[in-house]
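Listed below are the residues making up each chain.
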Amino acid sequence: MKSLLSHSRIAGIKYQAHRVGRFAQKSGNIEQALAPVVSFAGAPEVGAGLEAVGAVSRKVGTALKSL
């Protein structure tokens, strides 16, 4: 009986998780860079939200990249 998770499938899953992690880190950086601009534009609560989402996104990205 064949194994459902062969070595090549596991390697593919890790590769995709790494790609998603890189994307999450990049999007987190963009969100955090936009937060001060949005805050100065007159929506400080939206800027704070972007800052928080960016920080979480970067942490998730870092975790996925380390798989």
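Structure's up top.
In this numbering scheme, every chain counts its residues from 1 along its sequence in written order. With pLDDT at 70 or above as the cut-off, local features in this predicted model cover only qualifying residues; side-chain atom pairs require 80 or more to be listed or tallied, and sums for whole chains, interfaces and linings still use all residues. Only hydrogens and water are removed before side-chain values are computed, so all heavy atoms of the structure are retained for them.

Taken together, the side chains of Arg19, Arg22, Lys26 and Lys65 make up a positively charged region of the molecular surface. A run of DSSP states H or I qualifies as a helix once it reaches four residues; a run of E qualifies as a strand once it reaches two. Both are numbered from the N-terminal end. The element contributing the most residues to the positive patch is helix α1 (residues 7-40), with 3 residues. With respect to the helices and strands, the residue Arg19 is situated in helix α1. Relative accessibility decides the category of a residue: with a 1.4 Å probe and only protein chains considered, values under 20% of the type maximum give buried, values over 50% give exposed, and everything between is partly exposed. For Arg19, a relative accessible area of 41% translates into the label partly exposed. Patches draw on residues past 30% relative accessible area with no salt bridge. Two like charges within 9 Å are joined, as are two nonpolar side chains (Val, Leu, Ile, Met, Phe, Trp, Tyr) within 5 Å. Computed by Shrake-Rupley with a 1.4 Å probe, the accessible areas treat only the displayed protein chains as cover when residues are assessed. Whenever Lys or Arg places a side-chain nitrogen within 4 Å of a carboxyl oxygen from Asp or Glu, that contact is recorded as a salt bridge. Counted as positive: Lys and Arg. Counted as negative: Asp and Glu. His and the chain ends are not counted at all. Every charge is mapped to an atom, namely NZ of Lys, CZ of Arg, CG of Asp or CD of Glu.

Helices are assigned an expected span. That span is 1.5 Å times one less than the residue count. Taking 1.5 Å of rise per residue, the 34 residues of α1 would be expected to cover 50 Å, and the 51 Å separating its terminal C-alpha atoms lies within 8% of that figure. Here the bend at each residue means the angle between axes fitted to two seven-residue stretches, the one ending at that residue and the one beginning there. In the structure, α1 departs most strongly from a straight axis at Leu34, where the bend amounts to approximately 30° and where the proline Pro36 lies between one and four residues downstream. Taken together, the buried positions of α1 are Ala17, Gly21, Ala24, Ser27, Gly28, Gln32 and Ala35. Where α1 is buried, its residues meet α2 (44-65). Following α1 by one or two positions, Gly42 adopts a phi angle in the positive range, close to 115°. In what follows, residue pairs with any heavy atoms lying within 4.5 Å of each other are defined as contacts.

On their own, these measurements won't tell you what the molecule is for.
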